[in-house]
Each structure stands twice: as C-alpha cells, then as structure tokens.
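Structural characterization, general
One-letter residues, chain by chain:
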Amino acid sequence: MEIKQISEHIWSLKTWMIVPFHVWVVKEEDGVTLVDAGIGKMGKGILKFINGMDAGPLKRIVLTHGHPDHVGALKAILKENEVPVYVHKAEIPYMEGKKAYPGRKKPSANVTEHLVQPLMEDEAGNLNKIDSLEPYWTPGHAPGHVVYYHPEDGVLLAGDLFTSKNGKLYRPMPMFTYDMEEAVRSSRIVGELKPKRLEICHGKAVLNPADHLDQYIENTSNTYSIKEENVYKG
Ligand SMILES: [Zn+2]
Ligand SMILES: [Zn+2]
C-alpha cells in the first residue's frame, strides 16, 4: 500500500487492482476519521497505518457511498475498533441489499444490517459537519453518494463523483454510474467550494478543479447528450 500525506491533516492510502483504490485518513483533535473502507485486502494496511501514526484512536468511519469497493475492509477494521460508520441515508437500503441499486437487476448486500448509520442532517436536509469534515450529498454515481470537504486544508474527498485524466476532472465510471446527468449536476459542488485539491478514489488527484469545471461539464454533457439547462437547473 502506498501512503502519502496530501495536506496538513489528511493522508491518502492507495492500493492497485487493475485500477487504483484510495481511502483517506483525517487527523482530528482527539483521534482520526477514516473516509471510505476500500477493498478487503486494504484492511491490514489501514489498521497498521492508523495504529502507527500516533494521532489517537480511530473515532469513526464515513463513507462516500456503499459500493463493494468502498466497504471491503469494514469488517476487519471494525473487529479491532468498535466505531460508528456513517453514510447518507439514501444509500442504506441499497447497500444493505433491501433494494437493487438503480440500473442493477438484483439487490446485493454489501454490508450487514445495522452496521451503518445515517449522517445527521438539519431540517432542510443539509448534512451536519462531522468533526472537521463537511459532507455534501452528490447523487448520480450512487443514490446516496457524498463528498467530504476539509475547509481548513482546502481538500475535497470526492469518492467516485469523478475520475481524472491528464490532471483534469473526468466522468465517473459509466458502467457503475446510474445517472450521468445527475452526476454532472452534482459536480457543481466543486464550483461552490473551490477546493485547492480534489481527491478521487479511482484516479489521480486534481489541483484547483474549479478552474476546469465548466470544461468538464461541457465535455461530459456533449458525450452523454445532456442538455445544458438540465445541468444548471435547480
Ligand atoms: Zn462507486
Ligand atoms: Zn468505487
């Protein structure tokens, strides 16, 4: 596993299996938050890194979404650390196998029941900050996909909302994205937050992604015949 400190409070942990897989460890005042749980074989390395970093205990795990390659090491990690696991409420029925993910024929249980709990939100449906991270709901790749922003470091942990190509934003993997138009609409969060650095699960990071967001929206909209007014409405 390849480990890299990407900002003052955040480390990225990467492994390869045809494509790269990243998870992120965020240093908090009194412990650490793990963002995503990767594939099964990452479990040992994630635990070893967290135990060795001398930043206090693992406090919680937050997930960008519930696809199998983002929850694979949960079991191994939870066996040694009884911590809460949070995900957007819209994702729970799919990842627990109660409903088939949109575009999939059959449901599949990626986690056991009651293992994950919903991220807290206010009455307007805005997700509450969770320690140093601000979650934002960004559906399209998965119904409950969430990105996590670290305002102090200016880093956006964007999960599978994008891939990247030549240092720029690129569309999420079409085979696993049920609604490309919705995903493109969700990409506008980048323009609102203007992160210095955007991290991607299955690709390289993108620096100052807001600078090429319009180009991304235009290119992806053209490729997938998405009408521009559908991206900018609402
Ligand atoms: Zn995914
Ligand atoms: Zn993924």
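Residues numbered from 1 in each chain as written. Chains lettered and ligands numbered in written order. Predicted model: local features only at pLDDT ≥ 70, side-chain atom pairs only at ≥ 80, totals over all residues. Heavy atoms only, no water.

Okay, the coordination of the zinc ion (ligand 1) next. Within the protein, the zinc ion (ligand 1) binds to His-65 (NE2), His-67 (ND1), His-141 (NE2) and Asp-160 (OD); these donor distances fall in the range 2.1 to 2.3 Å. One can describe the site at the zinc ion (ligand 1) as irregular: its four donor atoms subtend angles covering 90 to 171 degrees at the metal. When the donor residues of the zinc ion (ligand 1) are listed from N- to C-terminus, their spacing reads H-x1-H-x73-H-x18-D. The distance between the zinc ion (ligand 1) and the zinc ion (ligand 2) is 3.4 Å, with Asp-160 acting as a donor to both metals. With respect to burial, His-65 and His-67 carry one shared label: buried. (Donors = N, O, S within 2.8 Å, 3.2 Å for Na, K, Ca; no water. Tetrahedral: all angles 85-135°; square planar, octahedral: opposite > 155°, others 65-115°. Buried < 20%, exposed > 50% of the residue type's maximum accessible area, 1.4 Å probe, protein only.)

Glancing now at helix 7 (residues 213-223). Along helix 7, the residues classified as buried are Leu-213, Tyr-216, Ile-217, Thr-220 and Ser-221. Seen end-on, helix 7 carries its buried residues on one side only, within an arc spanning 120 degrees. Among the exposed residues of helix 7, those oriented more than 90 degrees off its buried face are Asp-214, Asn-222 and Thr-223. Of the surrounding elements, those touching the buried residues of helix 7 are strand 12 (168-170), helix 5 (180-186), helix 6 (189-193) and helix 8 (228-232). Ser-225 occupies a position one or two residues after helix 7 and carries a positive phi of about 50 degrees. (Helix = DSSP H or I, 4+ residues; strand = E, 2+ residues; numbered from the N terminus. Arc of directions from axis to C-beta. Contact = heavy atoms within 4.5 Å.)

What follows concerns the coordination of the zinc ion (ligand 2). The protein atoms that coordinate the zinc ion (ligand 2) are Asp-69 (OD), His-70 (NE2), Asp-160 (OD) and His-202 (NE2), at distances spanning 2.1 to 2.2 Å. Taken together, the four donor atoms coordinating the zinc ion (ligand 2) span angles of 84 to 164 degrees at the metal, a pattern that classifies the geometry as irregular. Read in sequence order, the donor residues coordinating the zinc ion (ligand 2) give the pattern D-H-x89-D-x41-H. Residue class for His-202 comes out buried when judged on its relative accessible area of 9%.

Across the five residues that make up strand 9 (residues 146-150), a large majority, five, are buried. Alternating residues of strand 9 divide into Val-146, Tyr-148 and His-150 and Val-147 and Tyr-149, and every residue in both groups is buried. Bridge analysis of strand 8 (residues 134-137) against strand 9 gives four bridges, and the strand direction is antiparallel. Bridge assignment links Pro-135 to a residue of strand 9, and that residue is Tyr-148. (Pairing = 2+ DSSP bridges.)

Within the fold, Met-53 resides in the loop between helix 1 (43-52) and strand 5 (58-62). Under the relative-accessibility criterion, Met-53 is labelled buried at 18%. Sequence separation of Met-53 and Val-32 is 21 residues, and the distance between their C-alpha atoms is 9.7 Å. When sequence neighbours within four positions are dropped, the list of residues in contact with Met-53 reads Trp-11, Val-25 and Val-32.

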